[in-house]
Amino acid sequence: MEKREQMYEGKAKKVFATDDPALCIVSYKDDATAFNGKKKGTIEGKGVVNNKMSNYLMSEMEKAGIPTHFVKELSDRETVVKKVDIVPLEVIIRNTAAGSFSKRFGVAEGTKLLRPTLEFCYKCDELDDPMCNEYHIVACGWATQEEIDEITKLTFRINEFLCAFFAKVNVDLIDFKIEFGKTQDGTIILADEISPDTCRFWDATTHEKLDKDRFRRDLGHVEDAYQEMMRRIFGE
């Protein structure tokens, strides 16, 4: 497969065209941002962790019948994925109160929610990714009601899969953000990544944070947390 021109560069990844119009190559960076890019830095080795973790989890999800954009891992930092049109929504599942949820609703961080909670945010850095509901999404044409229903169904399936997976390595999945894309025939599939950048991972015993909150909140040992998640998953 031939890697061609760069199509896009985001906060954490670059996307390149290939000689196959249905496929792209994603390259993961060590750049780190928080608060919609207001805080910037570097987390050494982050790109490798996020690439390998995302690929492994997506390949396991595929086996469970959850459609993803994953095709093939090329190297520690590069992966072939299906080309999709990204639905301009951040889809957030919260299993335990933390972060902005705790601030907005006054629920103490670490409070187990009575049920997993789904939130949508409109993907727009200039507007700080505002929260939105299904009415906003349909009214603005970001997705149809049928697409929202499919995204919702898939998101709860992904949450069940990931909670069970991480429980086996003594990690609580506190919350996570995912994105979806549409293939050329309109099929909704999981895209983007699943990593310590996009999930809150707490050690189930000590409640130690093993994710990007260590960077956001200046807790230190950021690289160690990412590497610890790699060890939990791959046993390295």
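Scroll up to find the structure this text is about.
Summarised in this report is the structure supplied together with it. It should be emphasised that the depicted structure is a prediction, and the values quoted were computed from it without experimental measurement.

With that settled, consider the overall build of the protein chain. Helix and strand counts for the protein chain come out as six helices and 14 strands. In terms of overall size, the protein chain behaves like a compact globule, its C-alpha atoms giving a radius of gyration of 17 Å where 236 residues would be expected to give roughly 18 Å. Burial status across the protein chain gives 50% buried among its 236 residues. Here the contacts in the protein chain between residues at least 6 apart in sequence split such that 55% fall between residues at least 24 apart. Here the protein chain displays about 11,400 Å² of accessible surface, and carbon together with sulfur accounts for 51% of that area. The centroid of the 35 positive side-chain charges in the protein chain is displaced by 2 Å from the centroid of its 43 negative side-chain charges.

Bringing the packing of aromatic side chains into the picture now. All told, the structure shown has six aromatic pairs when counted by the stated rule. Ring centres of Tyr122 and Trp142 lie 3.9 Å apart, and the angle between their planes is 5°; this geometry places the pair in the stacked category. Within this pair, whereas Tyr122 is found in strand 10 (residues 112-122), its partner Trp142 is found in the loop between helix 3 (134-140) and helix 4 (145-167), the two being separated by 20 residues in sequence. Between Phe165 and Phe166, the ring centres sit 5.2 Å apart and the planes meet at 90°, which makes this aromatic pair edge-to-face. Taking the relative accessible area as the measure of exposure, Phe166 reaches 0% and is therefore buried. Through a chain of ring-to-ring contacts, three or more aromatic side chains come together here, namely Tyr56, Phe165, Phe166, Phe201 and Phe234. In this arrangement the basic side chain of Lys3 is found over the ring face of Phe16, its NZ or CZ atom lying 4.1 Å from the centre.

With 44 residues, the main nonpolar core has Ile158, Leu162, Phe166, Phe180 and Phe201 as its most contacted residues. Those elements giving two or more residues to this core turn out to be strand 4 (31-34), helix 1 (46-63), strand 9 (89-96), helix 4, strand 12 (171-182), strand 13 (188-191), strand 14 (199-203) and helix 6 (222-234). The leading source of residues in this core is helix 4, at seven residues. Judged by nonpolar contacts, the second largest core, of five residues, contains Val15, Cys24, Tyr28 and Val81.

What follows deals with the sheet that holds strand 6 (residues 70-73). Across the sheet, five strands lie side by side as 1-2-3-7-6; this open sheet has antiparallel pairing. In this open sheet, the two edge strands, each paired with only one partner strand, are strand 1 (3-9) and strand 6. Direction aside, neighbouring strands of the sheet carry axes that sit 30° apart on average. Of the pairings in the sheet, the one linking strand 1 to strand 2 (residues 13-18) comprises four bridges and is antiparallel in character. The residue bridging Glu9 from the neighbouring strand is Lys14, located in strand 2. Across the sheet, helix 1 is in contact with strand 3 (23-28), strand 6 and strand 7 (78-82); its angle to strand 6 comes to roughly 130°.

Below, the discussion takes up the environment of Glu150. Looking at the secondary structure, you find Glu150 in helix 4. Relative accessible area serves as the criterion here: at 27%, Glu150 is assigned to the partly exposed category. Distance in space between the C-alpha atoms of Glu150 and Thr18 is 29 Å, their sequence separation being 132 residues.

We now examine a negative patch on the surface. Residues Glu44, Glu208, Glu223 and Asp224 make up a contiguous surface patch of negative charge. For Glu208, the location among the structural elements is in the loop between strand 14 and helix 5 (213-216). Taking the relative accessible area as the measure of exposure, Glu208 reaches 41% and is therefore partly exposed.

Conventions used here
Residues numbered from 1 in each chain as written. Predicted model: local features only at pLDDT ≥ 70, side-chain atom pairs only at ≥ 80, totals over all residues. Heavy atoms only, no water. Helix = DSSP H or I, 4+ residues; strand = E, 2+ residues; numbered from the N terminus. Rg over C-alpha atoms; globule rule 2.2 N^0.38 Å. Buried < 20%, exposed > 50% of the residue type's maximum accessible area, 1.4 Å probe, protein only. Contact = heavy atoms within 4.5 Å. Areas by Shrake-Rupley, 256 points an atom, 1.4 Å probe, with all protein chains shown as cover. Lys, Arg positive; Asp, Glu negative; His and termini not counted. Charge placed at Lys NZ, Arg CZ, Asp CG, Glu CD. Phe/Tyr/Trp six-rings, centres within 6.5 Å; stacked < 30°, edge-to-face > 60°. Lys NZ or Arg CZ within 6 Å of the ring centre and 35° of its normal. Core = buried A, V, L, I, M, F, W, Y, C linked by side-chain atoms within 4.5 Å. Pairing = 2+ DSSP bridges. Axes fitted to C-alpha atoms, helices over the stretch in contact; angles between N-to-C directions. Patch = residues over 30% accessible without salt bridge, like charges linked within 9 Å, V, L, I, M, F, W, Y side chains within 5 Å. Salt bridge = Lys/Arg side-chain N within 4 Å of Asp/Glu carboxyl O.

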